[in-house]
Amino acid sequence: MNNVIEVKNLVKSYGKIRAVDGISFDVAEGEIFGLLGPNGAGKTTTLEILEGLKRADGGQIKVLEREEIGVVLQSSGFLPELSLRELLVLLGSFYQHRRDIAKLAEDFDLTTLLDAKYEELSSGQRQRFALAAALVHEPKLLILDEPTVGLDPAVRQKFWETILELRKAGLTILLTTHYMEEAEIVCDRVAIIDYGKILATERPVKLVNSLGLVSRIKFMSSKLINLAELEVLPGIISARRDRYTYDLETETPEDSLRELLTWEKKFSGKIFNLQVQQATLDDVFLKLTGHSLRE
Ligand code: ATP
């Protein structure tokens, strides 16, 4: 598979701040790649260099031609006096190849809003319009900077659906986010970035598994269980009890769970309210950086 983006040892400083400190990553054609990190990690600076808006101090980048890239910035500066239709026509006029406006509006459920102005739109409608505007010239690569900040959960979910559909249609997507659930749900691969450095690049599920992070199995029991019986099950690191609730820490949740259920067959009581809590990207972030993504 071809790489749409190749970044090697990219460096960018603002005065004494090394905003981007020697990062490298590739984005393959047709994948959704996420840069996951807290505010100030250097995500926006990296995107701006790829978009040609800023110059790097060092390193190499390979990316598609400008006409083949669509961009949604953190704050979109759409001319306030123009209608959505006029904005799409104006944006399209910068490119040789452009989509039919009526069809584009239909795809993003904007048909009835074409005569409205951007400022009159709800946050969900703004989001859809920003995407439509970025795709007016049918780019091959879409770059999104923190696309769902400040959106309510329903709008955010709808947005995830939309970009997964766009990927299915062949678009390559690079996005930044500081929401780990966003990275986990939509990204094929994620680079974890903190203080201008990439600490790991992997598929989200692999990141979680590769670090040997601890998962938990919780359940309640109708009868008292001797903790020593639980501690010997495979993968179990520790077993605790709080009244009727048992809490097992495990490195291999699937194996431990299977054995627990086998063990239960010989148990004279009943276990219920069974829950498995798998480690998440948030835990990965904490382990790699020593601080939480949400701090
Ligand atoms: P955010 O989501 O808040 O934009 P980010 O991960 O995108 O965070 P950047 O915007 O790339 O991070 O910023 C990285 C670092 O560079 C931060 O410490 C920021 O304060 C600094 N920085 C960014 N732009 C400038 C600038 N134009 N001048 C000086 N410092 C800057």
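Here the structure is shown first, and the text comes after it.
Quick look at the structure, then. Throughout this document, residue positions are counted from 1 along each chain, in the order its sequence is written. Where local features are concerned, this predicted model is filtered to residues with pLDDT of at least 70; where side-chain atom pairs are given and counted, the filter is 80 or more; whole-chain, interface and lining totals use all residues. The basis for every side-chain value is the complete set of non-hydrogen atoms in the structure, without hydrogens or water.

One heavy atom suffices: a residue is near a molecule or strand as soon as one of its heavy atoms comes within 4 Å of it. In the region of the ligand, 13 residues are neighbours, and Gly40, Ala41, Gly42, Thr44 and Thr45 sit closest. Nitrogen and oxygen atoms within 3.5 Å of one another constitute a polar contact, given that in protein one can donate a hydrogen and the other can accept it, and given that sequence-neighbouring residues count only through two side-chain atoms. In the environment of the ligand, an oxygen atom lies 2.9 Å from a nitrogen or oxygen atom belonging to the backbone of Lys43. At 3.3 Å, a side-chain N or O of Glu146 approaches an oxygen atom of the ligand. Here the ligand loses 63% of its free accessible area of 620 Å² to cover by the protein chains. Here, Shrake-Rupley sampling with a 1.4 Å probe gives the accessible areas, and only protein chains in the shown set may cover a residue.

Looking now at helix 1 (residues 43–50). Partly exposed describes any residue whose relative accessible area lies between the buried limit of under 20% and the exposed limit of over 50%, with all areas from a 1.4 Å probe on protein chains only and scaled to the type maximum. Strands here mean DSSP runs of E at least two residues long; helices mean DSSP runs of H or I at least four residues long; both are numbered from the N terminus. When you tally the buried positions in helix 1, you get seven out of eight residues, the bulk of the element. Looking only at helix 1, the buried set comprises Lys43, Thr45, Thr46, Leu47, Glu48, Ile49 and Leu50. Gly52, located one to two residues past helix 1, shows a positive phi value of around 85 degrees.

Moving on, we come to the sheet that holds strand 1 (residues 3–14). With antiparallel pairing, three strands are arranged side by side in an open sheet as 2-1-4. The sheet is open, and its two borders are formed by strand 2 (17–28) and strand 4 (58–62), each paired with just one other strand. Across the sheet, the axes of successive neighbouring strands diverge by a mean angle of 15 degrees, strand direction being ignored. At least two DSSP bridges between two strands are required for those strands to pair. Strand direction decides the pairing type here: strand 1 and strand 2, joined by nine bridges, are antiparallel. For helices, the axis comes from a line fit to the C-alpha atoms of the stretch in contact; other axes are also lines fit to C-alpha atoms, and the angle between any two N-to-C directions lies between 0 and 180 degrees.

Another aspect to go through is the environment of Asp107. As for its position among the elements, Asp107 is in helix 3 (residues 101–107). A relative accessible area of 42% places Asp107 in the partly exposed class. With 168 residues separating them in the primary sequence, Asp107 and Gln275 have C-alpha atoms 40 Å apart.

A few words on the pattern of salt bridges. Here, a salt bridge means any side-chain nitrogen of Lys or Arg that lies within 4 Å of a carboxyl oxygen of Asp or Glu. Applying the stated criterion across every chain, the model contains 17 salt bridges. Between Lys62 and Glu6 there is a salt bridge, and its shortest N-O distance comes to 3.7 Å. In this pair, Lys62 sits in strand 4 while Glu6 sits in strand 1, placing the two residues 56 residues apart along the sequence. Residue Lys62 is classed as partly exposed on the basis of its relative accessible area of 41%. When salt bridges with common partners are traced through the structure, they connect Arg216, Arg240, Asp247 and Glu249 into a single cluster.

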